Structure formats: structure tokens, C-alpha cells
Amino acid sequence: MAKPASKQARYRIERDSMGELQVPVSALWGAQTQRALDNFHLSGRPMPPAFVQALALVKASAAVVNAHLGLLDRARADAIVEAATAIAGGAHAEQFPVDRYQTGSGTSSNMNANEVIAHVAATASGLPIHPNDHVNLGQSSNDVIPTALRVMAVAGARNELLPALRHLRKAIGKRGKALGGVVKTGRTHLMDAMPLTFEQELGAWSAQL
């Protein structure tokens, strides 16, 4: 049998202002994400993919704006946009393991995104790209997280909620027509009322939708 990999082979050392710590060699995140994993292993439920994808879109947009303002050079901005856009499309989903019960402002998720995007962008471009100085340039968790939540809500409404409501309305309308000849007792003020057809009642539901 093969010997298990040594601890040194399974981990690398990451450093930040708080010191050194070990990060799995396969991880694209850095020190701050690892600290969040060590400190907030509460539920085992990471942030939902829709949130991560929305957060990546915010990071891509910030890079575009920072380049336009001359705060970020074009090559780094393009690399960040490319990496963030790929994550927004579902790439590297396993690199966002931070528990949803974390710091109050979502700093851990913000830094998770900064570190993964920086790593992917730097690897692809060959440029040194820093999670704070470049990916998070001009931002804070209190900017990024509320914005990402709103982007996620809009995307969820457009891609999931509204299509589901349209389907429901269509299905109710179809069923109402099939029951057009079936009469039932109406209800109003918690009492029996004038009879009506199932098509009339279901048609009211459809109209409300």
C-alpha cells in the first residue's frame, strides 16, 4: 500500500498580517479564508452557489470600473474580470466552503472571493495579483455583500421565480378549462355562497398570478 502523503505535502504555508497558517495545497483560497474555516465551522452549510456567482459578478464589475478610473492597470483588470466571470458561470464552486454562519458583515465570504479570484487570475495571466490591493480595490464587505445579495435576488427572480409563476398560471388556466363544466359551491365571508364553476374559480387564481 502507498504511504499517506506527508503533512508537508498536503499543506502549504500562507502568511498575512496575523501570521502563518497551513492551507491545503489544492485550495485556491488563502490565509483569511482558512481562518474563517478554522473559526466558523458551525453548520457545514456553505453560502449558496447563487450568492457566490452574484459576488463574482460584483467583483468583475468593480474591476471594470477601477480600470476605467485608472486605479487598476488594464492587464490585471482583464485577468480579474476573466476569472470572476468564470466563477460567476459556476467554475471553481468547490473553492467557496465558508460557512454561511460567519462574520456579521460577510467579510469571510468577501475575502474568500478575493483570494480565489486573485489566485485564478494570477495563474492565468502570470501577473502578481493581490486579493486586497487589486481584487478588493476600493471595496469593503459592507459594500460588496449587500450588493451581491441584491444581484442574487434579481437573478433569482428573473431566472427562477418569474418563469415558475408563468408556468403555474398556464397550468392553472389549462386545468380550469378542463373543469369548465363542473359546478361547485362558492365561498365568501366564511359561508357558502352562489355556485360557480371550477373554471371561474381557477380563472380568478390565474388572474391574480
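Novice: Provide a residue-level description of unusual backbone geometry, including the pertinent values.
Specialist: Even without being a glycine, His92 presents a positive backbone phi close to 60°. Of note, His92 is situated in the loop between helix 4 (74–88) and helix 5 (107–125).

Novice: An account of the packing of helix 4 against helix 5 is requested, with residue identities and associated values reported.
Specialist: At a closest axis distance of 8 Å, the pairing of helix 4 and helix 5 adopts a crossing angle of 120°. As summarised for this structure, helix 4 and helix 5 are arranged oblique, according to the angle between their axes. Pair helix 4 / helix 5 crosses with right-handed handedness. On the side of helix 4, the interface is formed by Ala79, Ile80, Ala83, Ala84 and Ile87, while helix 5 contributes Val116, Ile117, Val120, Ala121 and Ser125.

Novice: Tell me about empty space enclosed by the protein, and please be specific about residues and values.
Specialist: Enumeration according to the criterion identifies one cavity of 30 Å³ or more in this entry. Surrounding the largest cavity, Met47, Phe51, Val52, Leu55, Phe96, Val98, Ser109 and Asn112 form its lining. Sorting elements by how many residues they give to the lining of the largest cavity places helix 3 (residues 49–68) first, with three residues. Residue composition of the lining of the largest cavity, grouped by class: six nonpolar, two polar and no charged.

Novice: Residue-level account of the packing of aromatic side chains, with values.
Specialist: Any pair of aromatic rings gets described here by the distance separating the centres and the angle formed by the planes. All told, the structure shown has zero aromatic pairs when counted by the stated rule. The ring centre of Phe198 lies 5.9 Å from the NZ or CZ of Lys184, which sits over that ring.

Novice: Could you give an account of helix 4, with specific residues and numbers?
Specialist: Because the α-helix completes a turn every 3.6 residues, residues three or four places apart line up on one side. A rise of 1.5 Å per residue sets the reference length of helix 4, with its 15 residues, at 21 Å; its end C-alpha atoms lie 20 Å apart and thus fit the reference within 8%. Looking only at helix 4, the buried set comprises Arg76, Ala77, Ala79, Ile80, Ala83, Ala84, Ile87 and Ala88. Buried residues along helix 4 cover an arc of 170° about the axis, so they all sit on one side. More than 90 degrees from the buried face of helix 4, the exposed residues found are Arg74 and Glu82. Check the buried side of helix 4 and you find it contacts helix 3, helix 5 and helix 6 (131–135). Looking one or two residues beyond helix 4, the residue adopting positive phi is Gly90, at roughly 110°.

How each quantity is defined
Residues numbered from 1 in each chain as written. Predicted model: local features only at pLDDT ≥ 70, side-chain atom pairs only at ≥ 80, totals over all residues. Heavy atoms only, no water. Helix = DSSP H or I, 4+ residues; strand = E, 2+ residues; numbered from the N terminus. Axes fitted to C-alpha atoms, helices over the stretch in contact; angles between N-to-C directions. Parallel < 35°, antiparallel > 145°, perpendicular 65-115°, else oblique. Left-handed = near helix turned anticlockwise from the far one by under 90°. Contact = heavy atoms within 4.5 Å. 1 Å grid on protein atoms, 1.4 Å probe; cavity = no way out; pocket = protein on both sides within 12 Å on 5 of 7 lines; lining within 4 Å. Points joined across faces, edges and corners; volume = space filled by probe spheres on them. Nonpolar A, V, L, I, M, F, W, Y, C, P; charged D, E, K, R; others polar. Phe/Tyr/Trp six-rings, centres within 6.5 Å; stacked < 30°, edge-to-face > 60°. Lys NZ or Arg CZ within 6 Å of the ring centre and 35° of its normal. Expected span 1.5 Å × (residues − 1). Buried < 20%, exposed > 50% of the residue type's maximum accessible area, 1.4 Å probe, protein only. Arc of directions from axis to C-beta.

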